[in-house]
Amino acid sequence: MARLFCWMIAAICLALTGDARAEDGYDLWLRYAPAAQGRAAAIHTHATMVAAPGTSATMTIATQELQRGVGRMTGTTPPVAVTIQPGALWLATPSTAPALPVRLDDLGAEGYAIRSVKQDGKAVTLIAANSDIGLLHGAYHWLRLAQSGVDLDRLDIRSAPRIGLRLLNHWDNLDGMVERGYAGQSIWDWWRLPDWKGPRYTDYARANASIGINGTVLNNVNAKADSLTTPYIAKAAALADVFRPYGIKVYLSVKWTAPMELDGLKTADPLDPAVAAWWTAKTDEIYKAIPDFGGFLVKANSEGQPGPQDYNRTHADGANMLAAAVKPYGGIVMWRAFVYAHDNPDDRAKQAYSDFKPLDGQFADNVIVQVKNGAIDFQPREPFHPLFGAMPKTPLMMEFQITKEYLGQSTHLTYLGPLFEETLDADTYANGKGSTVAKVIDGSLDGHRLTGIAGVANIGADRDWSGSIFNQADWYAFGRLAWDTSLSAETIAKEWAELTFSPDQKVVQPVVKMMMGSREAAVDYMTPLGLAHVMDTGHHYGPGPWVSDLARPEWNPVYYHKADANGIGFDRTRTGSDAVSQYAPPVAKMWANVKTTPERDLLWFHHVPWDYRLRSGETLWDGLVHRYDAGVRYVADMQTTWASLKPHIDAERFAETETLLTIQHREAQWWRDASIAYFQSVSKRPLPAGSAAPAHDLNWYKAQKFPYAPGHN
Ligand code: BDP
């Protein structure tokens with residue numbers, strides 16, 4: 001009886017909501033929420049059935065996704081059939097339909113066209129591509145359109161990625177901990193793999209395929225040799241099997257000394273034939289298990305990791321040895337340029353360039369050098385990395401960090417779209433005006449065919465994948481920009497908000513407005529005017545501009561801001577470290593002169609007096625304090641905006657964001673107060689009128705410790 005009652009209650013709830021699950025974020029941007037009545041009818045008109053002639057796994061996924069999407073949005077699941085009926089969604093490749101009414105020649109293996117056409121007198125929506133993977137991408141695009149409320153009557157869309165490798169980098173350890181992960185444990189259940197392949201792996205693949213990501217590096221760049229053992233290769237192979245029909249390849253990070261650790265070789269010297277033979281045999285073993293294995297990612301001679309330089313060899317020697325092993329299989333090597341050495345006294349921002357620039361032209365043709373967006377380390381703002389545009393003979397790929405190690409981690413709403421966009425649009429002037437970073441990495445500037453972009457994933461086992469609803473937008477934005485670097489951060493934010501909350505512009509506009517200024521707000525309350533790396537030790541969460549006692553100079557915030565009684569900032573001009581000279585002359589000239597340096601980069605390139613006059617006429621000191629204030633104010637404004645959206649957002653997601661914004665506001669205030677307390681102890685200047693004194697004295701801020709903050713060992 002009791003059981004019957006429970007069942008009846010559950011059935012009534014289901015009938016009322018149409019869906020048993022609450023909005024807990026699991027569905028990401030693939031919610032397919034029930035459409036309003038008129039809209040549902042419009043969607044139905046254009047999806048009376050799915051005409052899909054093929055039977056491949058990928059084709060099946062595409063048709064099922066369309067069925068799922070349309071079914072959830074309209075309440076009617078379209079049938080799948082081979083013959084086309086009016087109002088069909090028609091999936092076709094040249095092999096299933098030779099005379100397609102659309103050109104496919106410039107769409108490559110992954111692109112697609114979506115077009116409203118008449119076929120045998122019947123109005124249908126054609127989704128066409130050269131491959132089934134292209135169709136899958138096209139299906140996701142159509143579903144995006146259906147959810148966002150655009151007119152589905154006259155579609156004519158062509159889309160193909162400009163960048164070949166669009167990868168996530170998971171910094172996931174084999175014990176389940178995620179380095180710089182703020183969304184729980186790793187989603188890879190290494191222990192129960194290869195047998196247990198939970199549904200989450202499939203949903204991961206769906207989410208990535210839906211935004212065009214086509215590869216994933218499974219393990220941390222600080223790699224353990226164990227990931228190359230036979231049992232772990234089998235585990236990786238199991239994941240590769242799940243991801244394959246979604247067009248996603250698997251890659252592995254490798255530890256340079258794996259031959260020594262796993263098989264007792266005496267050396268890891270890349271020029272030693274025994275070492276090369278070990279890697280060749282290991283590679284053969286991997287390809288036997290994973291025939292479409294993508295290749296290796298390597299962090300070498302960086303932050304204590306071993307590498308070829310330990311044997312007086314170059315990065316190119318190391319990369320080329322591995323490249324030879326994967327070459328017969330079409331594999332690639334991604335060699336990271338994130339290097340700086342404890343025994344190198346030169347400006348850390350210069351070291352990667354100094355190491356890699358001389359190697360231009362020495363890498364094998366299946367090596368791509370992976371460069372972080374800026375020269376230091378994923379700061380809230382960094383000028384673009386000087387290697388972009390400086391190695392014309394070497395393909396360079398971008399490394400962005402989606403997980404927000406330095407931007408409030410999982411609790412702050414700091415939409416990264418503008419950061420990605422700012423870097424991609426930056427002009428290197430390498431081949432004259434218009435030589436943007438985007439053109440460097442899409443290969444068009446120097447004619448490279450091997451091209452790539454990677455994002456350090458913000459994905460974990462949390463129910464909502466990314467630690468918060470708004471953090472999902474960063475994963476989404478990365479994928480969309482990787483597919484098409486010309487998209488604007490704002491367009492993407494709008495798209496994401498429509499999919500995540502509602503196509504109702506009453507919701508979308510304020511949400512987009514919050515998002516678009518949020519990264520700049522974090523810059524303001526953490527590192528205004530070009531400051532960088534003033535985070536506290538280890539966890540990098542809160543402020544620590546006073547830290548000066550760490551073993552390596554470049555680990556200390558004081559190294560980066562160089563505040564003293566006279567002023568603040570890192571002189572990277574000729575009178576200082578001369579890092580500016582690593583950029584093409586027009587860029588170097590702009591940044592070498594304090595007057596032509598954009599104020600957002602001021603203290604990155606210049607040490608300026610506290611009473612230096614900013615363009616607004618205020619002193620540097622006053623301007624600095626005002627920016628801290630503005631950052632905090634922006635968060636308060638986001639709180640107000642979010643509160644006004646309460647009637648339009650489901651209770652669960654509303655409450656989560658409301659709480660996180662409360663945390664963010666408290667912490668923005670903390671950042672502001674701690675920074676001002678410290679810098680004021682150095683500048684000895686009074687606060688500008690209207691700016692409140694910090695809530696505590698400097699010692700209080702220094703005493704805050706967070707030994708158990710997530711994401712660091
Ligand atoms: C820094 C992280 C560290 C990473 C390193 C890297 O603090 O955990 O291992 O970058 O990219 O941002 O290798």
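In case you missed it, the structure is sitting above this.
Residues numbered from 1 in each chain as written. Predicted model: local features only at pLDDT ≥ 70, side-chain atom pairs only at ≥ 80, totals over all residues. Heavy atoms only, no water.

Draft legend 1. Fine view of the overall build of the chain. On a plain count of helices and strands, the chain comes out with 21 helices and 16 strands. A globule of 713 residues ought to have a C-alpha radius of gyration of about 27 Å, and the chain, at 26 Å, matches this closely. Here the C-alpha coordinates of the chain stretch approximately 80 × 65 × 60 Å along the principal axes. Residues classed as buried in the chain amount to 60% of the 713 residues present. Just so you have it, the chain exposes about 26,800 Å², and 55% of that area is on carbon and sulfur atoms. With 67 positive and 77 negative side-chain charges, the chain shows a separation of 3 Å between the mean positions of the two kinds. (Helix = DSSP H or I, 4+ residues; strand = E, 2+ residues; numbered from the N terminus. Rg over C-alpha atoms; globule rule 2.2 N^0.38 Å. Buried < 20%, exposed > 50% of the residue type's maximum accessible area, 1.4 Å probe, protein only. Areas by Shrake-Rupley, 256 points an atom, 1.4 Å probe, with all protein chains shown as cover. Lys, Arg positive; Asp, Glu negative; His and termini not counted. Charge placed at Lys NZ, Arg CZ, Asp CG, Glu CD.)

Draft legend 2. Quick look at the nonpolar core. In terms of nonpolar packing, the biggest core is built from 187 residues, with W142, F243, W475 and W496 touching the most fellow members. It is helix α13 (residues 469-483) that contributes the most residues to this core, 10 residues altogether. If we skip the residues at most four places from it in the chain, W496 touches W29, I469, F470, Q472, A473, Y476, F501, V511 and M515. Within the second largest apolar cluster, 28 residues are counted, among which are I568, V625, Y628 and L698. (Core = buried A, V, L, I, M, F, W, Y, C linked by side-chain atoms within 4.5 Å. Contact = heavy atoms within 4.5 Å.)

Draft legend 3. Quick look at the environment of A258. Counting through the fold element by element, A258 comes out in helix α7 (residues 258-263). Residue classification places A258 among the buried positions, given a relative accessible area of 0%. Considered as a pair, A258 and K595 are 337 residues apart in the sequence and their alpha carbons are 51 Å apart. For A258, the contacting residues outside a window of four places in its chain are A225, L228, D263, W278 and W279.

Draft legend 4. Layout of the site of the ligand. Near the ligand you find 15 residues, and of these E179, K299, R336, D377 and E405 are the closest. R180 is positioned such that a nitrogen or oxygen atom in its side chain is 3.0 Å from an oxygen atom of the ligand. One nitrogen or oxygen atom from the side chain of R336 is found 2.6 Å from an oxygen atom belonging to the ligand. Within the complex, the protein chains bury 96% of what would otherwise be the 320 Å² of accessible surface of the ligand. (Near = heavy atom within 4 Å. Polar contact = N/O pair within 3.5 Å; in protein donor to acceptor, adjacent residues only side chain to side chain.)

Draft legend 5. Layout of helix α9 (residues 315-326). End to end, α9 covers 17 Å across 12 residues, agreeing with the expected 16 Å (1.5 Å per residue, within 8%). In terms of burial, α9 is largely enclosed, as 9 of its 12 residues are buried. Turning to α9, its buried residues number three or more, namely H315, A316, G318, A319, M321, L322, A323, A325 and V326. Looking at the packing, one finds that the buried side of α9 touches β9 (249-254), α8 (273-289), β10 (295-298), β11 (332-336), α10 (348-356) and β12 (367-372). In this structure T314 caps α9, since a side-chain oxygen of it lies 3.2 Å from the backbone nitrogen of A316. (Expected span 1.5 Å × (residues − 1).)

Draft legend 6. Summary view of the sheet that holds strand β4 (residues 112-119). Pairing is mixed in the open sheet, where 6 strands are placed in the order β2-β1-β3-β5-β4-β6. Only two strands of the sheet have a single neighbouring strand rather than two, namely β2 (80-81) and β6 (156-159). Judged from the 4 bridges that link them, β4 and β6 form a sheet pairing that is antiparallel. Each bridged residue has a counterpart across the sheet, and for I114 the counterpart in β6 is I157. Against the sheet, helix α3 (residues 57-74) engages β1 (49-51), β2 and β3 (88-92), with an angle of about 165° to β3. (Pairing = 2+ DSSP bridges. Axes fitted to C-alpha atoms, helices over the stretch in contact; angles between N-to-C directions.)

Draft legend 7. Molecular detail of the layout of surface pockets. Roughly 670 Å³ of internal volume is contained in the largest pocket. Taken together, 33 residues form the lining of the largest pocket, with E179, R180, E303, Y340 and H540 sitting closest to its centre. The residue makeup of the lining of the largest pocket, split by class, is 9 nonpolar, 12 polar and 12 charged. (1 Å grid on protein atoms, 1.4 Å probe; cavity = no way out; pocket = protein on both sides within 12 Å on 5 of 7 lines; lining within 4 Å. Points joined across faces, edges and corners; volume = space filled by probe spheres on them. Nonpolar A, V, L, I, M, F, W, Y, C, P; charged D, E, K, R; others polar.)

Draft legend 8. Structural context of the side chain of Q379. Inspection of the secondary structure puts Q379 in the loop between β12 and β13 (396-401). Take Q379: its relative accessible area is 1%, and that puts it in the buried class. Of the polar contacts made by the side chain of Q379, one reaches the backbone nitrogen of H533; its length is 2.7 Å. Contact partners of Q379, with chain neighbours within four places excluded, come to Y406, L407, L419, A532, H533 and M535.

Draft legend 9. Just the pairing of β11, in detail. Across the 5 residues that make up β11, a large majority, 5, are buried. Burial of the side chains of β11 extends over both faces: I332, M334 and R336 are buried on one face and V333 and W335 on the other. Two strands pair when backbone bridges link them, and β10 and β11 are joined in this way by 4 bridges, in the parallel orientation. Its bridge partner being in β11, V298 is matched across the sheet by W335. Note that the unit made of β10, α9 and β11 has a crossover that is right-handed. Bridge count between β11 and β12: 4 bridges; the pairing is parallel. (Right-handed = clockwise from strand over helix to strand, strands pointing away.)

Draft legend 10. How the structure looks around unusual backbone geometry. Cis geometry is found at the peptide bond from L193 to P194, where omega equals 5°. Structurally, the position occupied by P194 is in the loop between β7 (165-169) and α5 (199-210). Residue R180 is not a glycine yet carries a positive backbone phi of 60°. Following the sequence through the fold, R180 ends up in the loop between β7 and α5. In this structure R180 comes out as buried when scored by relative accessible area, which is 12%. Even without glycine at this site, F378 takes up a positive phi of about 55°. Locating F378 in the fold gives a position in the loop between β12 and β13. A relative accessible area of 4% means that F378 is categorised as buried.

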